[in-house]
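Working through the structure, step by step
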Amino acid sequence: MDFDLSQTDALLSTTRAVRKRLDLEREVGDEVLLECLQLAVQAPTGSNRQGWRWMIVRDKDKKAALADMYRRAGGEYLASAAADAETGSQTGRVLDSANYLAQNLEKVPVFVIPLIIGRLDDVPEGTNLTGPAAALMGSIVPAMWSFQMALRSRGLGSCYTTLHLGLEQEAAELLGIPPHMSQAGLLPVAYTKGTDFKPAKRPPVEEITYLDTYKNPIR
Ligand SMILES: Cc1cc2nc3c(=O)[nH]c(=O)nc-3n(C[C@H](O)[C@H](O)[C@H](O)COP(=O)(O)O)c2cc1C
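Now for a quick tour of the structure. (Residues numbered from 1 in each chain as written. Predicted model: local features only at pLDDT ≥ 70, side-chain atom pairs only at ≥ 80, totals over all residues. Heavy atoms only, no water.)

Okay, the layout of surface pockets next. Here the largest pocket is characterised by a volume of approximately 710 Å³. Lining of the largest pocket is provided by 17 residues; of these, Arg16, Ala17, Arg19, Val94 and Ser97 occupy positions nearest its centre. For the lining of the largest pocket, the per-class residue count stands at five nonpolar, three polar and nine charged. (1 Å grid on protein atoms, 1.4 Å probe; cavity = no way out; pocket = protein on both sides within 12 Å on 5 of 7 lines; lining within 4 Å. Points joined across faces, edges and corners; volume = space filled by probe spheres on them. Nonpolar A, V, L, I, M, F, W, Y, C, P; charged D, E, K, R; others polar.)

Time to look at the site of the ligand. Near the ligand there are 13 residues, and of these Ala17, Arg19, Tyr70, Tyr160 and Arg202 occur at the shortest range. One of the side-chain N or O atoms of arginine 19 is found 2.8 Å from an oxygen atom in the ligand. Note that a nitrogen atom of the ligand is positioned 2.8 Å from one of the backbone N or O atoms of tyrosine 160. In isolation the ligand offers 620 Å² of accessible surface; the protein chains occlude 65% of this area. Ranked by residues supplied to the shell around the ligand, first place goes to helix H5 (residues 90-104) with three residues. (Near = heavy atom within 4 Å. Polar contact = N/O pair within 3.5 Å; in protein donor to acceptor, adjacent residues only side chain to side chain. Areas by Shrake-Rupley, 256 points an atom, 1.4 Å probe, with all protein chains shown as cover. Helix = DSSP H or I, 4+ residues; strand = E, 2+ residues; numbered from the N terminus.)

A large share of strand S2 (residues 110-117) lies buried, amounting to seven of its eight residues. Note: strand S1 (residues 52-57) against S2, six bridges, orientation antiparallel. Bridging from a neighbouring strand, tryptophan 54 pairs with proline 114 of S2. Relative to strand S5 (residues 187-191), S2 runs antiparallel, the two being bridged by three bridges. (Buried < 20%, exposed > 50% of the residue type's maximum accessible area, 1.4 Å probe, protein only. Pairing = 2+ DSSP bridges.)

For the structure on display, the rule yields 10 salt bridges. Residues aspartate 30 and arginine 58 are paired through a salt bridge, measuring 2.8 Å at the closest nitrogen-oxygen approach. Here aspartate 30, found in helix H2 (residues 30-40), pairs with arginine 58, found in the loop between S1 and helix H3 (60-73); they are 28 residues apart in sequence, far enough to count as distant. Where aspartate 121 meets arginine 119, a salt bridge forms, and the shortest distance between an N and an O atom there is 2.4 Å. Given the relative accessible area of 56%, aspartate 121 is considered exposed. What makes arginine 119 buried here is its relative accessible area of 19%. Residues participating in the shared-partner salt-bridge network are Asp68, Arg72 and Glu170. (Salt bridge = Lys/Arg side-chain N within 4 Å of Asp/Glu carboxyl O.)

Our next topic: helix H8 (residues 168-175). What H8 keeps buried is the set Glu168, Ala171, Ala172 and Leu175. One side of H8 holds all its buried residues, which, seen down the axis, span an arc of 105 degrees. Those residues of H8 that are exposed and aimed more than 90 degrees away from the buried face are Gln169 and Glu173. Among the structural elements, S1, H3, S2 and strand S4 (181-183) are those in contact with the buried residues of H8. Glycine 176 occupies a position one or two residues after H8 and carries a positive phi of about 70 degrees. (Arc of directions from axis to C-beta. Contact = heavy atoms within 4.5 Å.)

So, on to the state of the cysteines. Counted by the stated rule, this structure contains zero disulfides. Cysteine 36 takes part in no disulfide bond, and the closest cysteine sulfur, belonging to cysteine 159, lies 17 Å away. On the basis of relative accessible area, cysteine 36 is assigned to the buried category, the value being 0%. (Disulfide = S-S within 2.5 Å.)

Our next topic: the packing of H2 against helix H7 (residues 141-152). Interhelical geometry of H2 versus H7 gives an angle of 135 degrees and a closest axis separation of 8 Å. The orientation of H2 relative to H7 falls into the category oblique. Crossing geometry of H2 relative to H7 is assigned as right-handed. Along its contact with H2, which presents Leu33, Cys36, Leu37, Leu39 and Ala40, the element H7 presents Ala143, Ser146, Phe147, Ala150 and Leu151. Of the residues assigned to the contact of H2 with H7, the class counts are nine nonpolar, one polar and no charged. (Axes fitted to C-alpha atoms, helices over the stretch in contact; angles between N-to-C directions. Parallel < 35°, antiparallel > 145°, perpendicular 65-115°, else oblique. Left-handed = near helix turned anticlockwise from the far one by under 90°.)

The values are spatial; any link to function lies outside them.
Shown next, in the form of structure tokens:
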């Protein structure tokens, strides 16, 4: 199969964190969500366990409760964000946008909470957490990102968020999520206002890529 690289590269390079351009007025149907999730579960999982599960939240009261948790858990970060936002720098703009999302979260039509079977709390004390964390989150994050790209290619958008996880247990109780499962984030989903997103400024990879030893930049 020959891919149209202009299309695939555009999708890969312009799937952005969308916050201020989420259309809070337009409904998002189940059909499009399920279509995107069906693509998302093509993503890899450790040992092919396929332990992903997806919680869709539409209920107004539950969205409001989750938005409240998001703001409570993210309080300190969001307060420092407000200060940085005033500087007008690139980071400042991101933080201004992050604050906008925090203040308007409950108005986003749908939340998707990606879940994965397993917990890091079960890991025996003293274990190096890098492996278990990579295996657990590495079995849901690729699917989350595929979901976000599938949304983008259909005129919708989202923003990968994790702030509410500071109150993960409270969210689990609200949504009836069993104790053997982990939440990986909260994806607010909406149609986007326009679709003309641009590639972000990133460093040349030659500056962050090494050959054979970390002492040896590739170029
Ligand atoms: C692990 C992770 C956690 C994130 N958590 C949040 C969050 O809680 N709230 C938020 O507004 N954005 C969050 N983001 C979005 C980042 O701020 C965003 O991806 C980054 O600024 C780069 O923007 P871009 O994705 O448009 O390139 C998170 C992103 C990642 C990968």
